[in-house]
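# Per-entry structural report
Listed below, chain by chain, are the residues.
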Amino acid sequence: MFMQQMINGFSLGSMYALIAIGYTMVYGVLRLINFAHGDIMMVGGFLGFFGVAVLELPFLAAVLLAIVGSALLGMASDRIAYRPLRSAPKISLLITAIGVSFFLENAFNVFFGGVPRAFPVPSVLEDILEFGGLTIPVSALIVPILTAMLLAIILWVLFKTKYGMAIRALAFDVDTVNLMGIDANRIITIVFGMGSALAAVGGIFWVVNYPSVDPMMGVLVGLKAFAAAVVGGIGSVGGAVLGGLIIGFTEVVVIAFFPELGGYKDAFAFIFLILILLFKPTGILGIDFEKSRF
Amino acid sequence: MTVKKDQWINLSFVFGVIGFIGIANSFFDEYTIRILNNIAIFTILAVSYNLINGVTGQFSLEPNGFVAIGAYVTALLLVSPEAKQYQYAIVDPYPFVLSLHANFVVALVLSGFFATCLALVLSFPVFRVRGDYLAIVTLGFGFIIKIFAINYPEVTNGSLGLNDIPEFSNLYWTGGIAIIAVITVLNIVNSKFGRAMKAVRDDEDAAIAMGVNTFKAKTFAFCTSAFFEGVGGGLLAALLTSISPDLFDFFFTFQLLIIIVLGGLGSTTGAIVGTILVMGGSEWMRFLDEPMKFFGYTTPAMPGLRMVVFSLILIFIMLFAREGIMGKKELKDLFKGRKRSAK
Amino acid sequence: MILHVNNVTKNFGGVTAIKETSFSVDRKEIFGLIGPNGAGKTTMFNIITGNYEPSSGEVIFRNEMIHGLKPHLIVRRGIARTFQNIRLFSSMSVLDNVLIGFDFQARYSFFEAISRFPRFIGEEKRIKKRAFEILDYFGMSAFAHDKAVDLSYGQQRKVEIARALATNPELLLLDEPAAGMNPSETEELGNIIKKAREDFDLTVLLIEHDMKFVNQLCDKVLVLDYGKTIFEGKPSDAIQDSEVISAYLGDFHHD
C-alpha cells in the first residue's frame, strides 16, 4: 500500500515536473508567467487523442504528433503574440498571455466540444505488473522513468551545448547573449519549443493516466505546475522537477491518509505557493533574479 | 485650467447620470433596465479593477473571487431564515447560517469588508516579493473560492447555490453605488496615494528611492479593488436573486480585463467607456453562439464562439492598440484642448 | 562626519564586488566615488541606499546604523539618490514627479483623501507650494504640467535632482550625473550642485567618470578598483597617483 502510494506520487509529481520545466524556462528568459503553458499541455493531450482515435495512428506516432504539434504551437504563440511586445510594459505581455490561454481553451471548446472524451489507452500501458504483492500499472511506472530520461536530455542541452549556455546566460543578461553572437529571439523560440514539447509529453501522460481529454484540463494542472516551479525556485530546471515531485507527493499522500480532504486536493498546490512566497520567495533551489536589477 | 472647471465637468456628469437613471427607471422596459443595472455594477467592478491593474500596474486576476465572496455574504445575510430552511438540500446548514440576517446596506458593507480582509491576507505573500506572483495567486484564489463554495455545503449549499435572494438591487442602488465608487477611486487617484500607485507602475525602484512605501501603495490599491468587488458582488446577488459557484468562473474576470484594456489601462473614464461598450457589445454578440446563415448554408450553434472572439479582441488590442480608447487620459483631459504645447 | 562606511564587503555568489572598504564623508562635503567600470561604485551606492545588504561591515549615517533598513526608510532618514540612466516617472507630469518626493511628508490618511477632508486640501496645497519652490529654484516651473519624458536630457536631469531634493535629504547620492551631457550642460550642472549644497545644506556623494568634472567639483575622492580602495584624498592628487593611473589605463577609452 505504502509503496504503491509512493509510486503514484512519483508518477503524478513527474507530470507536474514536465509542465513546470516549461514555466520555469520561459520565466527565466522572458520574466513572463506564460499562462497559456497549461493549455499547450491540453493541446498535446488533444493531439495525442486525435492521432490515436481519429487518424488511427500507432500510439508512438500519435505521441510524436503531439510533441511536434505542441512545440510548433508554443513557438508560434511566442512569434505572434509575445515577440511584438518585447519592449512593451510587462503588464501587456501578461495580459496577452492570458488572452492566448483563454483563446486556446475556448477554441478547443467550440471545435471539439466541452465534454471530456475517453482516451483510448494502448493495452500495453494498461497492463498491471505484480511484484510480490505490489500491483503497479505500467503507465505509473513508465512516467517517472521517461521523465528522468527527458530531464537528463534537458540538462545536457542546458549545460553542455552552446544554445543551452545561451539560454542560461539569457536568464541573467541579454547583452551577454548578444555578445556571444547569438540572436536572443532565436534562443527564446528554442525555449518555447522545448518547454512546449515537454508539456505535450506531460499532456500525453495525463490523458493516459486519467484517460480523458477536455479543453479545460490544462487550467488547474497548469496552475499547480506553476506553483511547483515557484516552490522549487523559479528559473531553475532542477527546482521545477523538485517542486513538481513535492506537490505530486503531497496530493497523493494527504489523500491516502485523509480521504475526507479529497475535495480540497486542488487547493494544496496553492497553499504551498502562498507558504513559499511568505517564507522563501526564491524557492528551494531558487535564483535571486533581483540581483541584476541595477 | 483651474480645479473648479474639473469639478464642474465631474459634477455635471454626476447629475447627468442621476437624471438619466430617473428617466430610465420610469420609461425604459425591463430588458433595458436589466442591461443598465449590469452596466452600473460592472462600472463599479471595472473602475476598482482598473485601480490595481491600470493605475498601479500590478497584473491581478482577482475579481471573480472577491465578487463571489461578496455575493455569498450578501446572499447569506439577505435570504430569510425560513427560505434557508428548505434550500439546503445537500446537508443541513450550520445553525449560525440560519440565524444570519441583516438589511441590505449592512449586507453590502459586510460583503466589501470580508473581501477587503481576504485581500489584505493575500497582500502579504504577493507584495512583499517582486515578480508577477499576484496574477497567479489571484487566479488560484478564484479556483480556491470555487472549491470551497462547492465543498462546504453547510454554508454555501454546495453546487446548488443560494436562491430566493430578495431583489433589492435596482437602478438607484446600482447607479448610486457606481457614482460613489467612481468618485472614491478618482479621489484616491488624485491624492498622494494615487501618485504613489502610478509611481509604482512607472518605475518601482525609483518610487522606493523617493521614500514611497511601495508595499503600502500596492496593498491600498488591491484592498480598495477588493472592497468594491465585494460590494459589487452583493449588488449582483440581489439583482440575480440566485447564485451558484459556476457564476463566478474565470470568464467573469476575463470580461473585466477586456473592459479595462479596451477603455485604456489606467484611465477611470476609460473603464466606464469600456464597460458600456463591452456590456452592450456582449449582448449584441450573443448571435455568435446561435446558428448562423451564410449564403444559404446554416452553421450549427457554436456555444462559446463569443469567448473565442473575446480572447481574440483582447490579444488584438494588446498587439495593435495598447493604449485602448482613452490611453491614460480622463474626462477632464478631453476638455483641455491643445492650449499649451510641450516646449 | 555624516556618513561612515565601515569595512564593508559585498559578495554576489562567489564574486566579491566590494572588499573591506571604509570611508567617511563630512557634512557639506562633495565626495567623489570614482574608478573604472566594474569597480563596485554602483554596488556601494546600492549598499548605502539599502538596496543591497552588505555581506559584512556597517553603514553609519548620522551616528545610526542604517544597513539592513528597508530602502524607503533610509530615504526618509535623509539619503536621496538619482540614477545613472535617468529614471523619471514616464506617465507623470514634472510637478507630479516632484510631488512623489513629498509622498511621506504629506500628512493625511487614506480616508481623509477619499473624503476630501480639509486636512487633505491643506496638505496638498502645502506640498504643491513647496514643489513649485523647488522647481522655481531649478528654473523648471514653466514645465510643471508637461510630461517629464518630453523634456530635454539636461532638463530631465534637473527634474531628477529636484525630485530627490523634495525628499528633504541631508545626503544626496548622484550616480554619474554628467553622463550624456555636453560640456556646457556639464558646467551648468556643476554650478547647480555647488549652489544646492549651500542652499539646501547638502552633503553630496557622487559617482563620476568625467575626471575634469570631478576635479573642479569634489572636495575629496575615493578611488575603487575591483572592489578595493586604491586612493583616498584630494582629486588633484588622485590624477597623479601611479596606482590610480594604472587602474584607469585600461578604461580610459570608455569615457
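Calculation rules
Within any chain, residue numbers begin from 1 and follow the written order of that chain's sequence. Whichever chain is written first is A, and whichever ligand is written first is 1; the rest continue in order. Side-chain atom pairs in this predicted model are given and counted only at pLDDT of 80 or more, local residue features only at pLDDT of at least 70, and totals for whole chains, interfaces and linings cover all residues. We count a stretch as a helix when DSSP gives it H or I for four or more residues in a row; a strand needs E for two or more, and each element gets its number in order from the N terminus. Both definitions apply: the radius of gyration is a C-alpha atom measure, and the globule rule equals 2.2 Å times residues to the power 0.38. Working definition of burial: number of other C-beta atoms within 10 Å of the residue's own, with buried at 20 or more, exposed at 12 or fewer, and partly exposed in between, all C-beta atoms being placed from the backbone. Once C-beta atoms are placed from the backbone, any two residues with those atoms within 7 Å are in contact. Axis lines are fitted to C-alpha atoms, over the contacting stretch for helices. Their N-to-C directions set the angle, which ranges from 0 to 180 degrees. Reported orientations rely on four angle classes, namely roughly parallel under 35 degrees, roughly antiparallel over 145, roughly perpendicular from 65 to 115, and oblique for the rest. By definition, any crossing whose near helix is turned counterclockwise from its far helix by less than a right angle is left-handed, and any crossing with a clockwise turn is right-handed. The nonpolar class holds Ala, Val, Leu, Ile, Met, Phe, Trp, Tyr, Cys and Pro. Asp, Glu, Lys and Arg form the charged class, and all remaining residues, Gly among them, are polar. A domain assignment, automatic or from a database, supplies the domain bounds used here. By this rule the span expected of a helix is its residue count minus one, scaled by 1.5 Å. This arc corresponds to the set of directions leading from the helix axis out to the C-beta atoms.

### Topic: the overall build of chain C
Helix and strand counts for chain C come out as 10 helices and 10 strands. Computed over C-alpha atoms, the radius of gyration of chain C comes to 19 Å, within 12% of the 18 Å expected from 2.2 N^0.38 for 255 residues, which places it in the range of a compact globule. Summarising its shape, the C-alpha atoms of chain C cover approximately 65 × 40 × 30 Å along the three principal directions. Relative to its full complement of 255 residues, chain C shows a buried share of 44%. Excluding contacts between residues fewer than 6 apart, the proportion of contacts in chain C whose partners are at least 24 apart in sequence is 66%.

### Concerning the packing of helix H10 (residues 217-232) of chain A against helix H7 (residues 133-151) of chain B
Where H10(A) meets H7(B), the axes come as close as 11 Å, and the angle between the chain directions of the two elements is 135°. When the axis of H10(A) is compared with that of H7(B), the two are oblique. For the element pair H10(A) and H7(B), the recorded crossing hand is left-handed. For the pair formed by H10(A) and H7(B), the contact residues are A:Leu220, A:Leu223 and A:Phe226 on the first element and B:Ile136, B:Leu139, B:Gly140 and B:Phe143 on the second. Of the residues in the contact of H10(A) with H7(B), the class split is 6 nonpolar, 1 polar and no charged.

### Overview of the domain arrangement of chain C
All names here are of chain C. Here the domain parsing of chain C yields domain 1 (1-78 + 169-255) and domain 2 (88-167). On a C-alpha basis, the centroid separation for the pair domain 1 and domain 2 is 27 Å. Counting residues at the interface gives 11 residues for domain 1, matched by 7 residues for domain 2. Of all the elements in the fold, those that place two or more residues in the side of domain 1 that touches domain 2 are helix H2 (71-77) and helix H7 (183-199). Considering every element that reaches the side of domain 1 that touches domain 2, the biggest residue donor is H7, with 3 residues.

### Here we look at the interface of chain A and chain B
Chain A puts 34 residues into the contact, and the matching count from chain B is 34 residues. For the side of chain A that touches chain B, the elements supplying multiple residues, two or more each, are helix H4 (90-112), H10 and helix H12 (268-279) of chain A. With 14 residues, H4(A) is the single largest residue contributor to the side of chain A that touches chain B. Looking at the side of chain A that touches chain B residue by residue, the classes come out as 25 nonpolar, 6 polar and 3 charged.

### Focus on H7(C)
Residue and element names in this part refer to chain C. With 17 residues, H7 extends 24 Å from end C-alpha to end C-alpha; this agrees with the ideal 24 Å at 1.5 Å per step. Of the positions making up H7, those classed as buried are Thr186, Leu189, Gly190 and Ile193. Buried residues in H7, looked at end-on, bunch into an arc of 100°, giving them a common side. Projecting away from the buried face of H7 at angles above 90 degrees are the exposed residues Ser184, Asn191, Lys195, Glu198 and Asp199. Tucked inside the fold, the buried residues of H7 contact strand E3 (30-34), helix H6 (153-166), strand E8 (203-207) and helix H8 (211-217). Within two residues after H7, Asp201 carries a phi angle of roughly 60°, on the positive side.

### Looking at unusual backbone geometry
Residues other than glycine seldom take positive phi values, yet B:Thr241 does so here, at roughly 65°. Along the chain, B:Thr241 turns up in the loop between helix H12 (214-240) and helix H13 (250-263).

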